[in-house]
Amino acid sequence: MSHRTISAPDEPTSPIMRTSLVLGGLFGAAGVMLMAASAHVDTTGLVGTAAEMLLFHAPAFLAISALAQVRRIPFLAVGLVLLTIGLALFCGDLLFRAFLDQRLFPMSAPTGGMMLILGWVALVLSALRVRAR
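Let us look at the structure shown here. (Residues numbered from 1 in each chain as written. Predicted model: local features only at pLDDT ≥ 70, side-chain atom pairs only at ≥ 80, totals over all residues. Heavy atoms only, no water.)

## Some remarks on the side chain of Asp42
By secondary structure assignment, the location of Asp42 is in the loop between helix 1 (15–40) and helix 2 (46–70). Although Asp42 is buried, it forms no salt bridge, and the closest oppositely charged side chain is Arg97 at an N-O distance of 11 Å. Separated by 2.9 Å, the side chain of Asp42 and the backbone nitrogen of Gly45 make a polar contact. In terms of polar contacts, Asp42 uses its side chain to reach the backbone amide nitrogen of Leu46, at 3.3 Å. Apart from the residues within four sequence positions on either side, Asp42 is in contact with Ala37, Val47, Gly48 and Ala98. (Helix = DSSP H or I, 4+ residues; strand = E, 2+ residues; numbered from the N terminus. Buried < 20%, exposed > 50% of the residue type's maximum accessible area, 1.4 Å probe, protein only. Lys, Arg positive; Asp, Glu negative; His and termini not counted. Salt bridge = Lys/Arg side-chain N within 4 Å of Asp/Glu carboxyl O. Polar contact = N/O pair within 3.5 Å; in protein donor to acceptor, adjacent residues only side chain to side chain. Contact = heavy atoms within 4.5 Å.)

## Digging into the nonpolar core
Phe27, Leu34, Phe61, Leu87, Phe90 and Cys91 are the most contacted members of the largest nonpolar core, which totals 26 residues. Elements represented by at least two residues in this core include exactly helix 1, helix 2, helix 3 (76–100) and helix 4 (108–128). The contact partners of Phe90, leaving out residues within four places of it in the chain, are Thr49, Met53, Ser108, Ala109, Gly112, Gly113 and Leu116. (Core = buried A, V, L, I, M, F, W, Y, C linked by side-chain atoms within 4.5 Å.)

See the structure below:
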């Protein structure tokens, strides 16, 4: 029976990797909790939409995390920031409307949605600029 040892990676952990992994986990957990809330307490349908947005984007954060550790990618951090702020604004506005019957602030959901789109565009630009670590 041979024993294999797993060596620690030579590269230090990327701050983007750690941040994105934490955000992906938080967004995934929040999405599951909001899905449960939408089934039991929501009459507007907005909580379910917020939950879906969080759950759809959580795997993207995990992918960003993995990519940040193995490659140096110029626009990856920009995409991470835009997606994070976009989700917070979009979902935050939907949840404010569902639970408090008021808006986060005027145009917060459309602003968040536009930031999500720009975040995905930043990821496309990242794909065009990948270089070795």
